[in-house]
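# Overview (structure and organization)
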Amino acid sequence: MIRKKFIAGNWKMNKTAADGAALTAEILAAIGRETAVDVVLCPPYTALESVGRALEGQSVKLGAQNMHPEKNGAFTGEISAEMLRSLFVSYVILGHSERRTMFGDTDAFVNKKTLAALANQLKPILCVGETLAEREGGATLAVVQRQLEGGLAGVTAEQLASVVIAYEPVWAIGTGKVATTAQAQEVHAYIRELLTKLYGAPLAQKVRILYGGSMKPANAPELLAQKDIDGGLIGGAALEAKSFVELVKAAILAS
Ligand code: PGA
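Let me sum up the structure you'll find in this document. Everything numeric here is computed off the predicted structure, so don't read it as measured data. (Residues numbered from 1 in each chain as written. Predicted model: local features only at pLDDT ≥ 70, side-chain atom pairs only at ≥ 80, totals over all residues. Heavy atoms only, no water.)

## With respect to the overall build of the protein chain
Counting its regular elements, the protein chain contains twelve helices and eight strands. Computed over the C-alpha atoms, the radius of gyration of the protein chain is 17 Å, within 12% of the 18 Å expected from 2.2 N^0.38 for a compact globule of 255 residues. In the protein chain, which comprises 255 residues, the share counted as buried stands at 52%. Taking all contacts inside the protein chain whose residues are at least 6 apart in sequence as the whole, residues at least 24 apart take part in 72%. With an accessible surface of roughly 11000 Å², the protein chain has 56% of that area assigned to carbon and sulfur atoms. Side-chain charges in the protein chain split into 26 positive and 25 negative, and the spacing between the mean points of these groups amounts to 4 Å. (Helix = DSSP H or I, 4+ residues; strand = E, 2+ residues; numbered from the N terminus. Rg over C-alpha atoms; globule rule 2.2 N^0.38 Å. Buried < 20%, exposed > 50% of the residue type's maximum accessible area, 1.4 Å probe, protein only. Contact = heavy atoms within 4.5 Å. Areas by Shrake-Rupley, 256 points an atom, 1.4 Å probe, with all protein chains shown as cover. Lys, Arg positive; Asp, Glu negative; His and termini not counted. Charge placed at Lys NZ, Arg CZ, Asp CG, Glu CD.)

Take a look at the structure:
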């Protein structure tokens, strides 16, 4: 397999600094220095430092859930790429549907964040995905195309190597309603086709495209067996060591 599988836990607004460190310790105790799969933990900002400390010397990497594109300044409540880097953050989730729907993140703003992240050696996990109404209206691929091309505008071929894409159908997030493997694979293949058009096949073949939306140990093996599904962005099932570790193991088995 040319693409290493990738499992990221998106803790959303869950876990204090202490709870996050405890969960991290539990996960590390079970998976150790796993290197067959890339594993990333994305706690809330307030737990980045404690989780980062727990991850010192480990192969599991630290991720944030958002950031502001500006370097510094009068942006009350915001956090910059540089601030994340100073806490040894490697990845940052950008354009998550919860940010898009609840906090007004547009494609243009997500693009600014993507470019700022890359300029600061942070690897974006760029999220795209349609709502239920968009799927039912036959707009899935058009929405994904708009979000992908919008998010990646100005990203160079060289920078693409640091980008991870996550396809998260909004109707499957936190709902227990997982996309069928066929539905997911169709969109993943389409994303790779778009990347091929933008950057050429050799680079597009290297980009990891994660699935997100009610992924759990029971449905992961089938999803991870799909040709263009290279891992998962996990919400609910990332909040407990047992289910998260099972997902990491499913990714190892699928490698
Ligand atoms: P979920 O969330 O696994 O709880 O559906 C996924 C996500 O929003 O990243």
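## A look at the site of the ligand
Surrounding the ligand, one finds 13 residues, the nearest of these being K12, H96, E168, G174 and S214. Interatomic distance of 2.7 Å between a side-chain N/O atom of E168 and an oxygen atom of the ligand. Of the residues that constitute the shell around the ligand, the class distribution is four nonpolar, seven polar and two charged. (Near = heavy atom within 4 Å. Polar contact = N/O pair within 3.5 Å; in protein donor to acceptor, adjacent residues only side chain to side chain. Nonpolar A, V, L, I, M, F, W, Y, C, P; charged D, E, K, R; others polar.)

## A short note on helix 12 (residues 241-253)
The terminal C-alpha atoms of helix 12 lie 18 Å apart, and with 13 residues this matches the ideal 18 Å at 1.5 Å per residue to within 8%. Those residues of helix 12 that are buried lie in contact with strand 1 (6-10), helix 1 (17-31), strand 2 (38-42), helix 11 (220-224) and strand 8 (231-234). (Expected span 1.5 Å × (residues − 1).)

## Things to note about the packing of aromatic side chains
Per the counting criterion, the structure on display carries two aromatic pairs. Between F6 and Y91, the ring centres sit 5.2 Å apart and the planes meet at 80°, which makes this aromatic pair edge-to-face. On the criterion of sequence distance, the pair formed by F6 in strand 1 and Y91 in strand 4 (residues 91-94) is long-range, its members being 85 residues apart. Y91 matches F6 in its accessibility class, with the two residues each being buried. (Phe/Tyr/Trp six-rings, centres within 6.5 Å; stacked < 30°, edge-to-face > 60°.)

## Observations regarding empty space enclosed by the protein
Enumeration over the complete set of coordinates arrives at one cavity of 30 Å³ or more. What lines the largest cavity is G95, H96, S97, R100, C127, V128, G129, E168 and V170. The set of elements that each furnish at least two residues to the lining of the largest cavity consists of helix 4 (97-102) and strand 5 (123-128). In terms of residue class, the lining of the largest cavity is built from three nonpolar, four polar and two charged. (1 Å grid on protein atoms, 1.4 Å probe; cavity = no way out; pocket = protein on both sides within 12 Å on 5 of 7 lines; lining within 4 Å. Points joined across faces, edges and corners; volume = space filled by probe spheres on them.)

## Considering the layout of surface pockets
The computed volume of the largest pocket comes to approximately 470 Å³. In this structure, the largest pocket is lined by 16 residues; those nearest its centre are K12, M13, Q65, R99 and F103. No other element matches the three residues that helix 4 contributes to the lining of the largest pocket. Lining of the second largest pocket is provided by 14 residues; of these, G52, E56, L62, L87 and F88 occupy positions nearest its centre. Every element with two or more residues in the lining of the second largest pocket is listed here: helix 2 (48-55) and strand 3 (61-64). Sort the elements by how many residues they give to the lining of the second largest pocket and helix 2 lands first, with four residues. Counted by class, the lining of the second largest pocket contains five nonpolar, five polar and four charged residues.

## Section: the environment of L126
In this fold, L126 is placed in strand 5. For the pair L126 and V207, spaced 81 residues apart in sequence, the C-alpha separation works out to 11 Å. Residues contacting L126, with those up to four places away along its chain left out, are L94, V110, T114, L148, G151, L152, V164, I165 and A166.

## Here we look at the packing of helix 7 (residues 140-152) against helix 9 (residues 181-199)
Direction vectors running N to C along helix 7 and helix 9 enclose 40°, while the axes themselves pass 10 Å from each other. Relative to helix 9, helix 7 is oriented oblique. The two elements helix 7 and helix 9 cross, and the hand of that crossing is right-handed. For the pair helix 7 and helix 9, the contacting residues are T140, L141, V144, Q145, L148, E149 and L152 in the first and E186, V187, Y190, I191, L194, L195, L198 and Y199 in the second. (Axes fitted to C-alpha atoms, helices over the stretch in contact; angles between N-to-C directions. Parallel < 35°, antiparallel > 145°, perpendicular 65-115°, else oblique. Left-handed = near helix turned anticlockwise from the far one by under 90°.)

## So, the sheet that holds strand 3
Note on sheets: strands pair through backbone hydrogen bonds, and any given pair is parallel or antiparallel. Ordered in space as 1-2-3-4-5-6-7-8, the eight strands form a closed barrel in which the pairing is parallel. Neighbour-to-neighbour, the strand axes of the sheet open up by a mean angle of 25°, direction not taken into account. In the packing of helix 2 onto the sheet, the strands contacted are strand 2 and strand 3, and the crossing angle to strand 3 comes to about 165°. (Pairing = 2+ DSSP bridges.)

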